[in-house]
Amino acid sequence: MDLLRSRRLFFAHHHLTGAPWGQPAAYPFPERAAAVAGVGSTGIGFDAQELTELVATHSADWVRGVLDENGLQIGELEVLTWWWGTPDDADASRPMEQPMFALADEFGIARLKASAVFLQLSDRPPLEVLAERFGALCDRAAEHGLRIALEPVAAFPNFSYADAAQVVLDADRTNGGIEIDAWHFFRDPTGFAALDRLDGAHISGLELCDGVAEPQVSLMEDSADGRLLPGKGSFDLPRLLREVERRQPDVDLSVEVLSASLRTLSPAENAKHTLAAVDALLDRR
């Protein structure tokens, strides 16, 4: 796996914003773009809300100009929810879905991240129903040349990696797969067993981060503020890299470290430290 030298590494949206998850970016997009380009990477992720606001306050041409100036592409757009609703619930999801498809068309984005969160197990439709609705989402996305990357959220364990694997396998769409986020993966006891069921076609992306073995805070707090740079914690990332590489050597590799301490760094400092950590991890995998 020589992803760094092939310039395949990209920075997920929340990694460089300097703000907690769900808050507006503390650093402007041009500064973040320059930081990514400054370490030789060519991809950056985007949150759909921020991208929509940038197009509205500046223009699509302005966004493209910043991307072109720094030799970047938008590798991923996030995050779509409520795709699992019944046809009667379409009004809850389509106001998100259609604008995201339009942004993907506008900027040539190839992957859209989706998630599923259920506060209670009783809130979750049966897996066969989720598979049907995920397949329908993939079919709609295919009209826009989009791949759907389904990411479980470990802080909400009622939709695990095992569940996501079943949904993706049963949906059986060529443009539907699982996003392996290292934090969610290692906080989910079903992670490696789910990965054993997948082949390369089912893996849409791999997001690197690290973490402590036993968080002393809630999973939500640990996810939002306590992640570590790859190789700086207790996750068995070399094993994960080997397992993913064996199935999908051309996986899109990204970094998403939600960290209160990392937010104190400028985007340029953040990107420099991140690239050094990922490089060292890949050297010892």
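Calculation rules
What you see as residue numbers is a count from 1 along each chain, following the sequence as written. pLDDT decides what is reported in this predicted model: residues at 70 or higher carry local features, side-chain atom pairs at 80 or more are listed and counted, and totals for whole chains, interfaces and linings draw on all residues regardless. Computation of side-chain values covers all heavy atoms of the structure but excludes hydrogens and water. A run of H or I in DSSP becomes a helix once it reaches four residues, and a run of E becomes a strand once it reaches two; helices and strands are each numbered from the N terminus. Each residue is assigned to one of three classes by its accessible area relative to the maximum for its type, calculated with a 1.4 Å probe on protein chains only: buried under 20%, partly exposed between the two thresholds, exposed over 50%. Contact definition: two residues touch when any of their heavy atoms are within 4.5 Å. Per-residue and other accessible areas follow the Shrake-Rupley method at a 1.4 Å probe size, with only the shown protein chains counted as cover for residues. For the charge count, each Lys or Arg is scored as positive and each Asp or Glu as negative, with His and the chain ends excluded. Charge positions come from single atoms, namely NZ of Lys, CZ of Arg, CG of Asp or CD of Glu. Side-chain atoms within 4.5 Å are what join buried Ala, Val, Leu, Ile, Met, Phe, Trp, Tyr and Cys residues into a set we call a nonpolar core. Whether two strands pair depends on DSSP finding at least two bridges between them. Any N or O atom pair separated by 3.5 Å or less is treated as a polar contact, with the protein-specific requirement of one donor-capable and one acceptor-capable atom, and with residues adjacent in sequence counted only for side-chain atom pairs. Axis lines are fitted to C-alpha atoms, over the contacting stretch for helices. Their N-to-C directions set the angle, which ranges from 0 to 180 degrees. Note: the arc covers the axis-to-C-beta directions of the helix. Salt bridge, as applied in this entry: a Lys or Arg side-chain nitrogen positioned within 4 Å of an Asp or Glu carboxyl oxygen. Classification of ring pairs uses Phe, Tyr and Trp, with its six-membered ring standing for Trp, and accepts pairs whose centres are within 6.5 Å; under 30 degrees between planes counts as stacked, over 60 as edge-to-face, and the remaining range as tilted.

Asker: Before we move on, could you go through the overall build of the chain and cite the residues and values that matter?
Answerer: Secondary structure assignment for the chain yields 11 helices and 8 strands. If you line up the chain on its principal axes, its C-alpha atoms span 45 × 45 × 35 Å. Relative to its 285 residues, the chain shows a buried fraction of 53%. For the chain, the share of sequence-separated contacts (at least 6 apart) that also reach a separation of at least 24 residues comes to 79%. In the form shown here, the chain has an accessible surface area of approximately 12200 Å², with 50% of it arising from carbon and sulfur atoms. In the chain, 25 side chains carry a positive charge and 45 a negative one; their mean positions are 6 Å apart.

Asker: Requested: an account of the nonpolar core, with residues and values cited.
Answerer: Core analysis: the largest hydrophobic core is formed by 80 residues, its most contacted members being Phe-134 and Leu-240. Beyond its immediate sequence surroundings of up to four residues, Leu-240 is in contact with Ile-180, Ala-182, Phe-185, Phe-186, Phe-192, Leu-195 and Leu-206.

Asker: Explain the pairing of strand S7 (residues 203-208) residue by residue, including any values.
Answerer: Two faces, one strand: in a regular strand the side chains alternate between the faces of the sheet. By the criterion of burial, S7 is predominantly enclosed, with 6 of the 6 residues buried. Taken together, the 4 bridges between strand S6 (residues 176-181) and S7 define a ladder with parallel strand orientation. Each residue of the ladder has a partner; that of Ile-178, found in S7, is Ile-203.

Asker: Before we move on, can you summarise the side chain of His-15 with the specific residues and values?
Answerer: Here His-15 lies in the loop between strand S1 (10-11) and helix H1 (29-38). A polar side-chain atom of His-15 sits 2.9 Å from a polar atom in the side chain of Asn-270. Not counting residues within four places of it along the chain, the set of residues in contact with His-15 comprises Leu-229, Val-255, Glu-256, Val-257, Leu-262, Asn-270 and Thr-274.

Asker: An account of the sheet that holds strand S5 (residues 147-151) is needed here, citing residue identities and associated values.
Answerer: Strand pairing in a sheet relies on backbone hydrogen bonds, with the paired strands running either antiparallel or parallel. Here we have 8 strands rolled up into a closed barrel, ordered S1-S2-S3-S4-S5-S6-S7-S8, and parallel in their pairing. Sheet topology note: the strand S3 (residues 73-80)/strand S4 (residues 111-115) ladder contains 2 bridges and is parallel. Each bridged residue has a counterpart across the sheet, and for Leu-77 the counterpart in S4 is Leu-112. Contacting S3, S5 and S6, helix H5 (residues 127-142) crosses the sheet at an angle of about 145° to S5.

Asker: Account for helix H3 (residues 60-69), naming residues and giving values.
Answerer: Turning to H3, its buried residues are Ala-60, Val-63, Val-66 and Leu-67. Each buried residue of H3 sits inside an arc of 125° when the element is viewed along its axis, so together they form one side. Opposite the packed face of H3, turned more than 90 degrees from it, sit the exposed residues Asp-61, Asp-68 and Glu-69.

Asker: I'd like to hear about the pattern of salt bridges, residue by residue, with values.
Answerer: Scanning all chains against the criterion turns up 21 salt bridges. A salt bridge links Glu-50 to Arg-32; its shortest N-O distance comes to 2.9 Å. A residue pair is termed long-range when its members are at least 10 positions apart, and Glu-50 in helix H2 (residues 48-57) and Arg-32 in helix H1 qualify at 18 residues. Neither residue differs from the other here; Glu-50 and Arg-32 are each classed as buried. Here Asp-61 ties to Arg-64 by a salt bridge, and the two come within 2.6 Å at their closest N and O atoms. Taken together, the residues span about one helical turn, with Asp-61 and Arg-64 both in helix H3 at a distance of 3 residues. Overall, the relative accessible area of 55% leaves Asp-61 in the exposed class. Residue classification places Arg-64 among the partly exposed positions, given a relative accessible area of 26%.

Asker: Report on the packing of aromatic side chains, specifying residues and quantitative values.
Answerer: The final tally for this structure, using the stated rule, is 12 aromatic pairs. Both rings, one in Trp-83 and one in Phe-134, keep their centres 5.6 Å apart while their planes meet at 70°; by these two values the pair is edge-to-face. Taken together, the residues Trp-83 in the loop between S3 and helix H4 (90-107) and Phe-134 in helix H5 connect sequence positions 51 residues apart. Residue classification places Trp-83 among the buried residues on the basis of a relative accessible area of 3%.

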